[in-house]
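Residues per chain, in single letters:
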Amino acid sequence: MDLRTIFAGNIKRLRKERGMSQEDLAFESGLHRTYISGIERGIRNVGLDNVGVIATALAVPPDTLLKESTTPRA
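Here the structure is a predicted model, which means the values were calculated and not measured.

Q: Just checking my understanding: could you explain helix H4 (residues 48-58) for this structure?
A: One turn of an α-helix holds 3.6 residues; hence residues three or four places apart share an orientation. Listing the buried residues of H4 in full gives Val51, Ile54, Ala55, Ala57 and Leu58. Looking straight down H4, one finds that the buried residues subtend no more than 160° of arc, so they occupy a single side. Opposite the buried face of H4, at more than 90 degrees from it, the exposed residues are Asp49 and Thr56. For H4, the elements touching its buried residues are helix H1 (3-17), helix H2 (22-29) and helix H3 (33-40). Ala59 sits one or two positions beyond H4 and adopts a positive phi of about 60°.

Below, the structure written as structure tokens:
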């Protein structure tokens, strides 16, 4: 599995685990909802600064978003 797919799946899984909508995550991270949607669909190439703000919004260390999860993806 490629890194972009892992990243996308982790964001979607963590967002759902926290009961957040894409709109909630967008607000908390200061990014646009359509950008979050593109990330979760694996069509956006995310810069490091945005990895950091998304991780902060999800209350996880940035490297968590890049690790292959053993938890099934939704």
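Structure's up, so let's keep going.
Q: How do you make sense of the packing of H1 against H4 when you look at a structure like this?
A: For any two helices packed against each other, one specifies the crossing angle of their axes together with the interaxial distance. Running from amino to carboxyl end, H1 crosses H4 at an angle of 25°, the nearest separation of the two axes being 10 Å. As judged from the angle between their axes, H1 and H4 are roughly parallel. Where H1 crosses over H4, the handedness of that crossing is left-handed. When H1 is examined against H4, the residues Phe7, Ile11, Leu14 and Arg15 are found in contact with a partner set consisting of Val51, Ile54 and Leu58. Looking at the contact of H1 with H4, its residues break down into 6 nonpolar, no polar and 1 charged.

Thresholds, definitions, all that
Residues numbered from 1 in each chain as written. Predicted model: local features only at pLDDT ≥ 70, side-chain atom pairs only at ≥ 80, totals over all residues. Heavy atoms only, no water. Buried < 20%, exposed > 50% of the residue type's maximum accessible area, 1.4 Å probe, protein only. Helix = DSSP H or I, 4+ residues; strand = E, 2+ residues; numbered from the N terminus. Arc of directions from axis to C-beta. Contact = heavy atoms within 4.5 Å. Axes fitted to C-alpha atoms, helices over the stretch in contact; angles between N-to-C directions. Parallel < 35°, antiparallel > 145°, perpendicular 65-115°, else oblique. Left-handed = near helix turned anticlockwise from the far one by under 90°. Nonpolar A, V, L, I, M, F, W, Y, C, P; charged D, E, K, R; others polar.

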